[in-house]
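# Chains, contacts and geometry: an overview
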Amino acid sequence: VLLILVMGGCGSFTTINNAKPATDNSIFVQRSANYAFYGWSKAFQKANSFLEKYYAFGDWKGIDWNALQSEYGPKIRAAEENKDKPAYYTALREYVHSLPDGHVKLIGNDFGLRKINIGGSFGFSLVELDDGRVIVRELLPGDQIDQSGLLWGAEILSWNDQQITAAIDQASTLWSTSPIPTSAEIHFQKLNFLTRASIGSQVAFSYQNPGDSTIYEVTLTAEDDQMALYKESLTIGTQKKISSLLTKPVESRILTNGYGYLKINVEFPTFAGFHPVRMVQEAVSMFVDAEVPGVIIDVRSNPGGVDSMAPNMMAYFTQDSMFYERVAHLRESGEFQIVGELLIKPAVQSYTGPVAMLIDNQTLSTGEGFPLIMKTLNRGPVVGFCATDGSFGMTGSKIKLPGGYSIAFPNGASFDKNGIIQCDSDSSLQGGIVPNIRVPITEENMRAIYIEGRDVVLETAINTLNKSE
């Protein structure tokens with residue numbers, strides 16, 4: 001019940017081919033196909049052809065549809081001949097995850113394969129520092145970890161007789177929740193999946209604890225942690241995506257240092273807040289009345305929502321009308337047709353003081369619209385460890401397949417005023433909104449987060465605002 005009307009996205013470079021204005025009043029056109037009554041192979045072939053016509057970013061991302069048919073068609077044919085449903089599902093998942101777009105999803109029964117493949121944890125997660133070292137950033141308490149002697153911050157040197165960097169490169173991201181749009185995020189998630197395995201499997205690795213020159217070697221067994229450590233390590237920091245419709249879409253307060261703090265969790269109504277835009281309005285009114293010296297807008301781990309809410313919310317931070325996006329869908333001819341345009345129109349009461357915005361790699365879809373607007377407004381820095389997700393397309397299209405499966409995908413894209421795709425990752429796997437101020441991934445900052453419980457991204461934003469006064 002996400003009430004998602006149009007989902008939005010981020011910046012790079014393709015043009016609208018001979019785009020024409022829409023002849024109707026619709027803001028968006030969704031595409032659907034039902035191949036559920038075909039055989040597995042025939043349905044896959046038709047689905048691949050349908051995506052070639054209507055997936056919004058095929059050319060933008062350089063997708064070779066013939067190559068995908070050649071690679072995955074035989075796997076699905078073999079599964080069909082053997083009546084092997086798990087193999088059919090796995091081939092479909094591999095196909096879907098070959099499309100680098102967080103808005104492309106395979107929906108249906110996975111036969112428990114995800115749990116089977118990554119349900120086990122070795123009891124710790126990793127992060128790669130800017131200096132190239134790979135260290136332990138989170139540890140699960142337990143006898144196995146206690147007996148291993150592994151400490152927080154330990155540098156991992158080898159993994160199953162490979163150098164750690166080689167092991168990371170070979171790690172699979174097939175069991176990520178969605179396909180991964182950018183090369184930077186693929187590498188980050190490989191670190192997560194390296195420490196996941198089937199329950200009961202073992203890994204042998206070597207490490208050095210902080211301040212200790214001794215190299216230790218240990219073997220650990222993957223234990224069922226109910227995917228807890230995986231969920232904890234999807235981003236750097238302790239912020240989480242909205243987990244319930246009981247969560248407030250917008251939260252606000254005045255920090256002890258006097259700055260206003262606005263946390264935008266999602267852009268859709270929940271049972272804890274039916275009017276998210278109004279909640280932003282009320283927060284800004286509070287900030288103006290209190291004469292706060294600056295405002296921090298936090299959209300970390302924001303998964304998106306209604307497309308128009310991002311510009312409507314950011315209207316409370318501008319005094320001038322400005323362009324946000326042109327919404328276009330892909331026609332069968334291969335041309336994009338503009339079906340609407342969104343502008344930011346200043347609110348009656350707006351905050352005009354200094355602003356900073358916080359992002360992370362889990363800021364995606366409409367959530368990426370906030371830093372996109374922030375950079376255009378030039379009101380203050382966007383702060384974070386890394387760029388946003390890079391999945392900004394217009395969702396809602398779906399293909400039904402036999403076996404109760406369906407593939408959801410974006411048929412529309414967000415264009416800037418020059419006809420260039422915004423935010424969605426391109427053929428080089430670059431995309432998302434890059435922070436103006438990148439917080440370095442250092443051992444000191446990781447210690448501050450995971451040992452001292454500090455929010456160094458927020459601290460960086462505060463320090464930046466302090467300097468602007």
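Residues numbered from 1 in each chain as written. Predicted model: local features only at pLDDT ≥ 70, side-chain atom pairs only at ≥ 80, totals over all residues. Heavy atoms only, no water.

## A word on the overall build of the protein
- A tally of helices and strands in the protein yields 13 helices and 22 strands.
- Taking 23 Å as the expected radius of gyration for a compact globule of 469 residues, we find that the protein reaches 23 Å, a close match to that expectation.
- If you line up the protein on its principal axes, its C-alpha atoms span 65 × 60 × 40 Å.
- Counting contacts in the protein only where the partners sit at least 6 residues apart, residues at least 24 apart contribute 75% of the total.
- Positive and negative side-chain charges in the protein, numbering 38 and 51 respectively, have mean positions lying 7 Å apart. (Helix = DSSP H or I, 4+ residues; strand = E, 2+ residues; numbered from the N terminus. Rg over C-alpha atoms; globule rule 2.2 N^0.38 Å. Contact = heavy atoms within 4.5 Å. Lys, Arg positive; Asp, Glu negative; His and termini not counted. Charge placed at Lys NZ, Arg CZ, Asp CG, Glu CD.)

## Considerations on a nonpolar patch on the surface
- On the surface, Leu246, Phe271 and Phe274 cluster together into a nonpolar patch covering about 400 Å² of accessible area.
- Mapped onto the fold, leucine 246 is located in the loop between α8 (228-232) and β12 (250-254).
- By relative accessible area, leucine 246 is classed as exposed at 64%. (Patch = residues over 30% accessible without salt bridge, like charges linked within 9 Å, V, L, I, M, F, W, Y side chains within 5 Å. Areas by Shrake-Rupley, 256 points an atom, 1.4 Å probe, with all protein chains shown as cover. Salt bridge = Lys/Arg side-chain N within 4 Å of Asp/Glu carboxyl O. Buried < 20%, exposed > 50% of the residue type's maximum accessible area, 1.4 Å probe, protein only.)

## As for the confidence of the model for the protein
- Here the protein averages 92 in pLDDT, while 94% of its residues score no lower than 70.
- In the model, residues 1-27 has pLDDT below 50 throughout and makes 98 contacts with residues more than four positions away in sequence or in other chains. (pLDDT = per-residue confidence, 0-100.)

## Remarks on the sheet that holds strand β8 (residues 196-197)
- Strand order in this open sheet of three strands is β8-β3-β11, and the pairing throughout is antiparallel. Both edges of this open sheet fall to β8 and β11 (223-224), since each of them pairs with a single strand only.
- Relative to β11, strand β3 (residues 120-121) runs antiparallel, the two sharing two bridges. In the sheet register, serine 121 faces β11, and the bridge partner there is glutamate 223. (Pairing = 2+ DSSP bridges.)

## Things to note about helix α12 (residues 443-450)
- Buried residues of α12: Asn445, Met446, Ala448, Ile449 and Tyr450, and no others.
- Buried residues along α12 sit in contact with β4 (124-128), β5 (134-139) and α13 (456-468).

## Considering the packing of helix α2 (residues 65-81) against helix α3 (residues 85-96)
- Direction vectors running N to C along α2 and α3 enclose 170 degrees, while the axes themselves pass 8 Å from each other. In this view, α2 runs roughly antiparallel relative to α3, as classed from their interaxial angle. Two secondary-structure elements touch here, α2 through Trp65, Leu68, Tyr72, Lys75, Ile76 and Ala79 and α3 through Ala87, Tyr88, Ala91, Leu92, Glu94 and Tyr95.
- A per-class count over the contact of α2 with α3 returns ten nonpolar, no polar and two charged. (Axes fitted to C-alpha atoms, helices over the stretch in contact; angles between N-to-C directions. Parallel < 35°, antiparallel > 145°, perpendicular 65-115°, else oblique. Nonpolar A, V, L, I, M, F, W, Y, C, P; charged D, E, K, R; others polar.)

## Regarding the sheet that holds strand β15 (residues 322-330)
- An order of β16-β15-β21 is seen for the three strands of this open sheet, with the pairing classed as antiparallel. The open sheet has two edge strands with one neighbour each: β16 (336-344) and β21 (412-415). Adjacent strand axes in the sheet meet at a mean angle of 25 degrees, parallel and antiparallel pairs treated alike.

## Focus: the pairing of β12
- The pairing of β12 with strand β13 (residues 260-264) spans five bridges and is classified as antiparallel. Residue pairing across strands places arginine 253 opposite tyrosine 261, the latter belonging to β13.
- Hairpin connection, β12 to β13: the antiparallel pair is bridged by five residues, and glycine 258 has positive phi, about 100 degrees.

## Considerations on the packing of aromatic side chains
- This model, assessed by the stated rule, comprises 19 aromatic pairs.
- Ring geometry for tryptophan 159 against phenylalanine 205: centres 5.5 Å apart, planes inclined by 25 degrees, an arrangement best described as stacked. One end of the pair, tryptophan 159, is in strand β6 (residues 155-159); the other, phenylalanine 205, is in strand β9 (residues 202-208), with 46 residues separating them in the sequence.
- Geometrically, the ring pair formed by phenylalanine 193 and tyrosine 230 is tilted, given 5.3 Å between the ring centres and 45 degrees between the ring planes. Highlighted residues: phenylalanine 193 in helix α7 (residues 183-194) and tyrosine 230 in helix α8, separated in sequence by 37 residues. The same class applies to phenylalanine 193 as to tyrosine 230, namely buried.
- Linked through ring pairs, Phe122, Phe124, Trp159, Phe205, Tyr207 and Tyr216 together constitute an aromatic cluster.
- One cation-aromatic arrangement involves lysine 61 over phenylalanine 57; the distance from NZ or CZ to the ring centre is 5.8 Å. (Phe/Tyr/Trp six-rings, centres within 6.5 Å; stacked < 30°, edge-to-face > 60°. Lys NZ or Arg CZ within 6 Å of the ring centre and 35° of its normal.)

## Quick look at the packing of helix α1 (residues 40-54) against α2
- In contact at an axis separation of 9 Å, α1 and α2 are set at 160 degrees when each is read in the N-to-C sense. Taken together, the axis directions place α1 and α2 in an arrangement best described as roughly antiparallel. The handedness of the crossing between α1 and α2 is right-handed. Residue-level contacts link Trp40, Ser41, Phe44, Gln45, Asn48, Leu51 and Glu52 of α1 to Trp65, Leu68, Gln69, Tyr72, Gly73, Ile76, Arg77, Ala79 and Glu80 of α2.
- Residues belonging to the contact of α1 with α2 are distributed by class as follows: eight nonpolar, five polar and three charged. (Left-handed = near helix turned anticlockwise from the far one by under 90°.)

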